[in-house]
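# Breakdown of the fold
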Amino acid sequence: MNRLTPKIIAEVTGGKYIGSDEWSDVPVAGAVRDNRDVKEGNLFVCIRGARVDGHDYANVAFESGAACCLVEKAIPDAKGPCVVVDSTLEAIQTIGGYYRSLFDIPIIGITGSVGKTTAKEIIASVLGEKHCVLRTEMNLNNELGVPLTLLSLEDKHEAAVIEMGISDFGHMSKLAIMVRPDIFVMTKIGYAHIEELGDLQGVLRAKTEAFAYMKPTGIAVLNGDDELLLGYDPKMRKLTFGLEEHNDVYAENIRSESVNNIDLDIVSEAGRFPIQIPAYGSHIAALAPAAVIVARLLGMTDDEICRGFLLYAPVEGRSRITHTENIMLIDDCYNANPNSVKAALTSISPLPGRHVAILGDMLGLGEHSEQMHREVGAFAAQKKIDLLLCSGEQARFLYEGYISANGAQAHYYPTMVDIEAGIPKMIKKGDAVLVKASRGMYFDKLLPVILDLE
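As a starting point, this report considers the structure included with it. (Residues numbered from 1 in each chain as written. Predicted model: local features only at pLDDT ≥ 70, side-chain atom pairs only at ≥ 80, totals over all residues. Heavy atoms only, no water.)

### Some words on the sheet that holds strand 3 (residues 43–45)
Across the sheet, which stays open at both edges, the five strands sit in the order 1-5-4-3-2 with mixed pairing between neighbours. This sheet does not close on itself; its edge strands, each paired only once, are strand 1 (16–18) and strand 2 (31–32). Here helix 1 (residues 6–13) sits on the sheet and contacts strand 1, strand 3, strand 4 (68–71) and strand 5 (82–84); the angle it forms with strand 5, its principal contact strand, is near 10°. Sitting on the sheet, helix 3 (residues 88–101) touches strand 2, strand 3 and strand 4, and the angle it makes with strand 4 is about 125°. (Pairing = 2+ DSSP bridges. Helix = DSSP H or I, 4+ residues; strand = E, 2+ residues; numbered from the N terminus. Contact = heavy atoms within 4.5 Å. Axes fitted to C-alpha atoms, helices over the stretch in contact; angles between N-to-C directions.)

Listed below in structure tokens is the structure:
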């Protein structure tokens, strides 16, 4: 029996099926929102965007092999079956939740203001040593991305690790209704989306909405180094992780002889064992115990866990290191908030060579923006960053904070054009160069400029 067909999609969503009878029971597998990503048998979700309307590409999707289109209006001369609903975004969430309910496998939800993507990758990598694991790809962690991820589940999967990102109150509830995590991992309560959520208590309240949608047998895996999470009662079994000894599982004896590996010891009541992670960044060590907890909950041995850590590889834009003949580039420009920028600055500080930080605006900080940019700038000076290059409207406060804290050398560039022109003049052979800013600043455009330096 097919788990999804156009007929079932119409029944689940309360939508109207349009198409011939012979199309109504064709199997539907997976879902996409971009017609360029369509694979044979996919559901194509027509989303009305600010510049592009997915409905205009419905027949293109059918030509690429789509089995069905989810639409808000009838498609003239449709070349395949369609299900018409009031809102394709709400409907795909309903479908995602329904589809998830058909799988009796452990689902691990991951959230946090900083580190959730890294935690997702580490946990999925470790579990992958023993289990066939579905994990969130790219940035599919929101109200549209999560159901698309869930609809990627296949019979072969034995576990799923789902990243759950939010920006306002109520968002986590929508995600948790779909995901219904059996294990919920929280990495840190920080200043991401503070403009919408008000303060750290608001961030905590928004992210912990998920616990209302978990079974009583669910397990909370929380960062015990975070004061708010340490004191939080999820009303279910709670296990803590981190670097401090009061946690159920913690890391110590952390050492890194190169940017290629981190060695550390995992400690718990069960004893101690060493692991190695082929990665860079001090934040990795703090998240490793979370992966150990989840892996043990899924029945893995310490030997299997050790081998699983060796499978980890950082994703693009997340502390990914590239060596050229002249410099070491740390690409961490996927996103930024005060916590993650401070973590990145901490990680670069022990590296060999001159330390250069290329930083841009941290968006979404609201009335706290100036203060937090100044604090991060001062933190860069404290971490002995040798050269700070800044660009963006708020980044001038990074510059001023760095200068006020007696930073060594800094330059502020009002625009991207200015900083692109300035970089070749400032970076020298042997430098370790960190690039980090909020995604909306498009600092990834600076990477080719840096990599092409002679």
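### So, the pattern of salt bridges
Under the defined criterion, the tally for this structure stands at 20 salt bridges. When the shortest N-O distance is used, the salt bridge between D233 and K235 registers 3.5 Å. D233 sits in the partly exposed class, given a relative accessible area of 45%. Accessibility expressed as a relative area gives 68% for K235, which makes it exposed. Between E400 and R374 there is a salt bridge; the shortest N-O distance is 2.7 Å. Taken as a pair, E400 in helix 14 (residues 395–404) and R374 in helix 13 (residues 369–382) lie far apart in primary sequence, 26 residues in all. (Salt bridge = Lys/Arg side-chain N within 4 Å of Asp/Glu carboxyl O. Buried < 20%, exposed > 50% of the residue type's maximum accessible area, 1.4 Å probe, protein only.)

### Focus on the pairing of strand 10 (residues 219–223)
Where burial is concerned, most of strand 10 is hidden: five out of the five residues are buried. Because side chains alternate across strand 10, one face comprises the buried residues I219, V221 and N223, and the other comprises A220 and L222, equally buried. In the sheet, strand 9 (residues 183–186) pairs with strand 10 via four bridges, with the strands oriented parallel. The residue bridging M186 from the neighbouring strand is L222, located in strand 10. Here five bridges tie strand 10 to strand 11 (residues 237–242), and the two strands are oriented parallel to one another. Residue pairing across strands places L222 opposite T240, the latter belonging to strand 11.

### Some words on the packing of helix 10 (residues 282–297) against helix 11 (residues 302–309)
Orientation of helix 10 relative to helix 11, taken along the N-to-C sense of each, is 135°, at an axis distance of 10 Å. It follows from the interaxial angle that helix 10 and helix 11 lie oblique. Remark: the crossing between helix 10 and helix 11 carries right-handed chirality. Across the interface between the two elements, A288, A291, V292, A295 and R296 from helix 10 touch D302, I305 and F309 from helix 11. Across the contact of helix 10 with helix 11, the residue classes break down as six nonpolar, no polar and two charged. (Parallel < 35°, antiparallel > 145°, perpendicular 65-115°, else oblique. Left-handed = near helix turned anticlockwise from the far one by under 90°. Nonpolar A, V, L, I, M, F, W, Y, C, P; charged D, E, K, R; others polar.)

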